[in-house]
Amino acid sequence: MNLSLFKSWYSVLALLGIAAAIACSLVAGDIADVRWLRLATGWLAGSSMALALGYVLRKYMHKYGYSPEFKLKVPIAQLERAEMRLNELRGKILTRAVASRAEITAEIKRILSEERVQRVLAVDVKPGPSGGAAFVLEVNKAFLFGRAAKWLHLHLYISIAFAAFVLAHGGRSLGLDFGGALFALSALVVVTGVIGIALWALGPTWLTRRERDLSIEESFVLHQGFQGKLQELRGTLAAEPELAALLDDVMRSGADAPARTKAALQAASQYPEERRRMLEDACVLFGQMRRVEREFRALWRIRLTFMAWRAVHIPAAVLLSAAVLVHVVSVLRY
Amino acid sequence: MEPSPQPPPTAEELELLFQLELFKDLPKKLRDVLVRFRRYTPGIAGTIFIRQGEYTEDFHYVLAGSVSAFRANADGKVELLESLGPHEWFGEVSALSNQPSLATLKADVPCTLLTIDGSTFRVLYKDVTNAKFRERIDKHYRERALIAHMRTIPLFRALSDSDLARIRPHVHFETFAKGKVIAEQDAPVSRVYMVRSGAVGCTRRLRDGKQKIVGYHMNNSSFGERALEKELATWPGTYTALAPTDVLSIEKDAFGLTFGSGSAALNALQQAALELLRADQGQAAAVRGVEDAELSRIAGDDRIEQMVRRQSVKGGEALVIDLQRCVRCNMCVETCVAVHEDRVPRLSKKGSRVSAELNLATSCYNCEIPECMMACGYGAIRRDVEGVIRFVYDNCVGCASCVSACPYGVIRYTPPPGAAPVVPKESFLEQIPWVGQFFRKAAGAAASEAESKSAPVLSARGEKVNGKSIKCDLCAGLPFEGCVYNCPTAAISRQNPAALFESESSRARVVDGAIHDAVHGGPRG
């Protein structure tokens with residue numbers, strides 16, 4: 001089970017949000033009567049939702065190559081110049097020409113900025129080993145906007161806080177109106193999200209346990225390979241329409257495949273050895289392909305189990321975003 | 001620096017070039033190679049050509065001026081190793097061993113160097129018709145660099161410089177192709193070997209006939225220390241080159257003849273050898289003559305076996321997927337596609353399993369022993385100062401030598417740049433379900449566009465390009481490594497394979513650490 005999905009400081013933020021929402025409800029009674037509180041919870045809910053959507057935005061901007069981080073790319077020669085100068089600095093640290101952490105940090109800052117790679121590289125200064133250099137420099141990528149995993153934590157916990165704010169914002173006036181629909185949608189999105197994250201924590205373990213001989217990727221690639229080879233053989237057999245028809249019959253078979261294969265091979269016995277062999281090979285290949293396909297399907301079903309929540313979560317989230325937009329515009333306008 | 005062809009030389013320059021002692025006997029074809037890829041590196045006083053600890057491949061020949069080699073020791077003191085004047089050279093050790101430089105090379109006065117990239121240097125050095133060049137390089141190495149090199153080998157640390165100078169004439173240079181047996185199990189140990197570059201695996205044949213890998217040796221480590229024992233010793237296993245390997249060897253008798261039996265130097269060597277043997281549990285167990293069954297129970301030796309079998313001893317950083325975290329969303333591959341203009345992913349999740357939870361993805365390890373680079377004869381693969389293997393695509397002709405040399409199969413072969421892309425790049429609008437079809441080009445238009453681009457392509461060196469090799473470039477120049485950065489569950493990370501298979505009994509780890517300490521003045525940060 002992947003518990004790291006839940007370990008985040010953002011959980012504290014979510015707890016504070018929930019506590020604040022509960023406090024509002026307890027203190028103010030019916031929130032509908034307290035205009036500023038209603039506005040405050042509304043804005044809080046809206047901002048939480050915007051932050052939660054940030055994860056989605058970040059994800060797709062990277063996936064399609066539109067992230068501003070792509071624009072920060074620097075030529076390799078520039079990077080290497082900076083790395084050479086950092087090596088010089090390592091030499092200076094070793095010979096004690098630069099001794100204090102502050103001096104080293106200032107020097108690193110100067111090198112990175114002069115070589116204009118300060119947004120691409122990040123250098124950590126760590127204490128060195130005894131008997132060696134006083135400090136060692138560890139060069140890493142800058143990872144400017146933070147890893148997607150951190151954004152997922154934010155997405156998860158801020159969405160929980162969002163649900164609390166929405167509840168507080170609606171107060172006791174929730175009914176079968178637009179507000180009620182908004183609340184229902186919010187609940188649907190958050191609940192499917194929570195179920196989803198729990199499935200993401202458990203699913204990989206289920207799948208990995210089931211991947212005994214082949215991984216899901218391997219079975220997919222192998223299946224594609226078998227399919228290609230089978231098509232090739234089918235093309236060669238096309239010269240003998242009757243044999244090709246026998247192969248097609250085998251390939252259309254289901255649970256009765258062994259019987260049909262046997263029948264096809266018997267029917268092919270009148271053909272020359274070479275042609276018959278080809279049909280035999282094709283049948284063997286087909287059998288292997290079926291086995292791999294079964295394996296792939298079994299693995300795919302498990303994957304589907306822990307990914308299916310997205311089929312509800314994503315459309316509901318799109319609807320919710322649209323509904324919130326309409327709600328905000330209508331409140332501001334009217 | 002990227003190797004690239006240079007403008008043609010004048011007749012006068014040519015004459016001067018081949019009057020130089022080192023190059024005067026070059027055969028015609030190698031003269032052409034040298035002329036095409038030579039370049040001149042000028043430097044004012046104080047110019048640093050190579051920094052200690054940096055990966056460098058360039059070979060430098062001093063034409064004028066003088067260059068000094070300095071080395072900063074772990075205690076912070078800087079030691080002057082030597083001064084090189086006209087007609088001397090440096091950089092050959094790094095070019096051949098793929099190891100970081102052991103010293104900083106700095107111009108004393110304004111000077112001019114003739115510089116040859118590592119790939120061209122290896123062509124000149126390894127060509128069988130060019131024995132004189134090799135002899136001169138080896139002679140120079142023996143005279144000037146061998147002692148410094150031997151001092152990095154733990155076995156010889158106990159010896160003084162004068163003792164090392166005495167044993168120096170007895171050192172033999174040998175090269176073994178990948179898979180070649182260096183020493184057979186149970187044969188008498190007659191030599192001490194030192195790995196100059198490459199890797200050597202030790203396999204022990206058990207009583208039941210099975211083979212068990214009990215250890216491995218990488219750059220700057222030694223084996224065969226048992227030759228220093230007084231009694232006749234035999235090899236505890238069969239030693240085989242895991243990659244193209246250069247070794248130095250010294251005959252058993254040479255030690256006695258040089259130092260005399262019972263001498264302090266010989267005693268110190270024997271003591272160092274004993275300590276090394278103790279450090280290596282696998283060998284120590286063999287020394288104690290334990291039963292094979294006991295040998296196979298030695299903690300961690302299965303890990304060594306896995307490391308050697310999976311060639312992970314070649315080092316670098318593997319892309320590791322934690323399968324307990326990976327939700328198979330494919331974001332790593334999709335981001336990899338987004339990062340590269342040709343839309344071909346550099347990683348495949350289909351890799352090899354280390355355990356039930358960990359999968360080594362098919363992506364470049366940036367090996368410490370880069371077999372791809374050693375196999376490339378076109379200067380299309382180089383190593384940057386940090387040790388990252390970089391492809392110089394302009395020089396690649398698509399010979400695919402690197403593809404077959406890579407032990408992990410992480411290099412992909414793609415059509416030459418002029419040919420139609422493997423996966424045509426789709427715009428965002430084209431990717432929208434249902435609607436996208438209205439934005440796609442007609443099949444005929446796309447085909448004619450591809451055809452118009454398919455003029456013959458030449459590399460920067462002028463050879464016909466049949467294809468291009470591509471591999472993970474660690475998202476060069478970008479502030480992130482796409483796959484690691486965009487994994488929503490933090491399932492993917494870069495890890496040293498040795499750390500994955502970590503075993504306390506692995507000598508290689510100790511030796512590797514020792515090299516790193518010697519070069520950088522401390523363990524890896």
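The structure under discussion appears in the preceding block.
Given the structure is predicted, the values throughout are model-derived calculations rather than measurements.

Draft legend 1. Quick look at the sheet that holds strand β17 (residues 318–322) of chain B. Residue and element names in this part refer to chain B. One open sheet holds the 4 strands; their spatial order is β18-β19-β17-β24, and the pairing between them is antiparallel. With partners counted over all chains shown, the strands left at the sheet margins are β18 (348–353) and β24 (492–495), one partner each. Strand after strand, the sheet turns through a mean of 45° between neighbouring axes, direction not considered. As paired strands, β17 and β24 are joined by 4 bridges and run antiparallel to one another.

Draft legend 2. Layout of the packing of helix α7 (residues 216–237) of chain A against helix α10 (residues 273–307) of chain A. Residues and elements named next belong to chain A. Where α7 meets α10, the axes come as close as 9 Å, and the angle between the chain directions of the two elements is 150°. Comparing their axes, α10 and α7 come out roughly antiparallel. Along this stretch, α7 crosses α10, giving a crossing that reads as left-handed. Taken together, the residues that form the contact of α7 with α10 break down as 17 nonpolar, 5 polar and 6 charged.

Draft legend 3. Structural detail: helix α5 (residues 148–170) of chain A. Residue and element names in this part refer to chain A. Taking 1.5 Å per residue, 23 residues should reach 33 Å; α5 reaches 32 Å between its end C-alpha atoms and fits that length. Here α5 lies mainly inside the structure; 22 of its 23 residues are buried. Where α5 terminates, the next one or two residues include Gly171, which has phi positive at roughly 60°.

Draft legend 4. Structural view of helix α3 (residues 76–94) of chain A. The end-to-end C-alpha distance of α3 of chain A, which contains 19 residues, comes to 27 Å, matching closely the 27 Å that a straight helix rising 1.5 Å per residue would cover. Where α3 of chain A is concerned, the buried positions are Leu79, Ala82, Glu83, Leu86, Asn87, Leu89, Arg90, Gly91, Ile93 and Leu94 of chain A.

Draft legend 5. Inspection of the interface of chain B and chain A at higher detail. Each partner contributes to the interface: chain B provides 44 residues, whereas chain A provides 55 residues. For the side of chain B that touches chain A, the elements supplying multiple residues, two or more each, are α12 (331–339) and β18 of chain B. No other element matches α12 of chain B, which puts 3 residues into the side of chain B that touches chain A. Looking at the side of chain B that touches chain A residue by residue, the classes come out as 19 nonpolar, 12 polar and 13 charged.

Criteria and thresholds
Residues numbered from 1 in each chain as written. Chains lettered and ligands numbered in written order. Predicted model: local features only at pLDDT ≥ 70, side-chain atom pairs only at ≥ 80, totals over all residues. Pairing = 2+ DSSP bridges. Helix = DSSP H or I, 4+ residues; strand = E, 2+ residues; numbered from the N terminus. Axes fitted to C-alpha atoms, helices over the stretch in contact; angles between N-to-C directions. Parallel < 35°, antiparallel > 145°, perpendicular 65-115°, else oblique. Left-handed = near helix turned anticlockwise from the far one by under 90°. Nonpolar A, V, L, I, M, F, W, Y, C, P; charged D, E, K, R; others polar. Expected span 1.5 Å × (residues − 1). Buried ≥ 20, exposed ≤ 12 C-beta atoms within 10 Å, placed from the backbone. Contact = placed C-beta atoms within 7 Å.

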